[in-house]
Amino acid sequence: MSHHLLTVDSLNRDNVDHLLRVAARMEPIAQRRQVTRVLQGAVLGNLFFEASTRTRVSFNAAFCRLGGSVCDTTGFTFSSMAKGESLYDTSRVMSGYCDAIVMRHPDQGSVAEFAAATNVPVINGGDGPGEHPSQALLDLYTIDKEFQRLGKSLSGAHILLTGDLKYGRTVHSLIKLLSLYDPLRITLVSPHGLEMPSKLIDLVASRGHRIEQRDSLASDFADLDVVYTTRIQKERFTDEMNESFQGLSDDFMVNRDFLDHRCSQSTIVMHPLPRDSRPGANDLNVDLNGDPRLAIFRQTDNGIPMRMAIFATLLNVDKLIEQDLRPVRWYVPTQTGTLDQ
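Our subject in this report is the structure included herewith. If you're wondering where the values come from, they're calculated on a predicted model, not measured in any experiment.

1. Observations concerning unusual backbone geometry
Here is step 1 of the chain: Here the amide bond leading from Leu273 into Pro274 is cis, since omega sits at 0 degrees, within 30 degrees of zero.
Here is step 2 of the chain: The backbone of Arg32 sits at a positive phi, close to 65 degrees, despite the residue not being glycine.
Here is step 3 of the chain: Within the secondary structure, Arg32 sits in the loop between helix H1 (13-30) and strand E1 (34-36).
Here is step 4 of the chain: Relative accessible area serves as the criterion here: at 27%, Arg32 is assigned to the partly exposed category.
Here is step 5 of the chain: The phi dihedral of Asn316 is positive, around 65 degrees, even though this residue is not glycine.
Here is step 6 of the chain: Relative to the assigned elements, Asn316 resides in the loop between helix H11 (303-314) and strand E11 (325-327).

2. Remarks on the pairing of strand E9 (residues 226-229)
Here is step 1 of the chain: Residues Val226 and Tyr228 of E9 are buried on one face, and the alternating residues Val227 and Thr229, pointing to the opposite face, are buried as well.
Here is step 2 of the chain: Two strands pair when backbone bridges link them, and strand E6 (residues 158-162) and E9 are joined in this way by 4 bridges, in the parallel orientation. For Ile159, the partnering residue across the bridge sits in E9 and is Val226.
Here is step 3 of the chain: Relative to strand E10 (residues 268-270), E9 runs parallel, the two being bridged by 3 bridges. Paired with Tyr228 across the bridge in E10 is Met270.

Quick notes on the rules
Residues numbered from 1 in each chain as written. Predicted model: local features only at pLDDT ≥ 70, side-chain atom pairs only at ≥ 80, totals over all residues. Heavy atoms only, no water. Helix = DSSP H or I, 4+ residues; strand = E, 2+ residues; numbered from the N terminus. Buried < 20%, exposed > 50% of the residue type's maximum accessible area, 1.4 Å probe, protein only. Pairing = 2+ DSSP bridges.

Right, here's the structure in full:
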């Protein structure tokens, strides 16, 4: 595994399987049943130059649960970049303060440019329409756990990716991770103009996977194992696209009717969040709240152990976890995370 985590291209099957195993070992710590301090004294720099809630906070929580501390900054307005500082200078400065850095930036390639100027591990928290490798890893971890619960195998599974497949960086990373495994059937459904980049389709197909492209969800998906839907990334649209794009029709809405009439009782529903719950958005529908097939909150919970696994592996303490465990000393609810999932 590389010194940094900038793209899933730096991971092979062994790297990914290792992270899945380490994440499973992190579960008791993530669920607040045990405590470790293997990163005591280490400092994480969280540099988020684009809006984030889940990613930023979950990286913070993951580092803290390993015993480290976090220095946080959000937005260009409150950074020295607002004064004209370069990525190179910011990187050199921050590497003197921190032992690891997570960075989110609206421009594709900026995190890699930042990482080239530092000798501490850098994790890509999202670079515009590029990639989001930690999200893809937690998504794969979620699929693996859900399949274990249902007695399914990833080999030969049918996975549907729908929504904004052009600018949705999470699906760019996820489809490349999935392509490392045994042949799958992957169906892509997106509005016109928001299709998956052809180079990604070609890459996945070259690895023996069956790829289908459709223009709506009005089909039979009775054999579907996972539907992964994404919101429209309008913040990445050009002015011309904003003028011409009128929004999703209900042909692209994943809701209870779609699951009940076109899918099966074991189809798992995922979304990287945030979902657009406003009327007319036609994103993942709230009528699925409380449905056991909706895995989005189990998915977010899985972000903590996976991001702990990433930190532990990059900082070379993944083999020390068992030597440094003790029970928690504070009150912990009998059930953590969401109550209805």
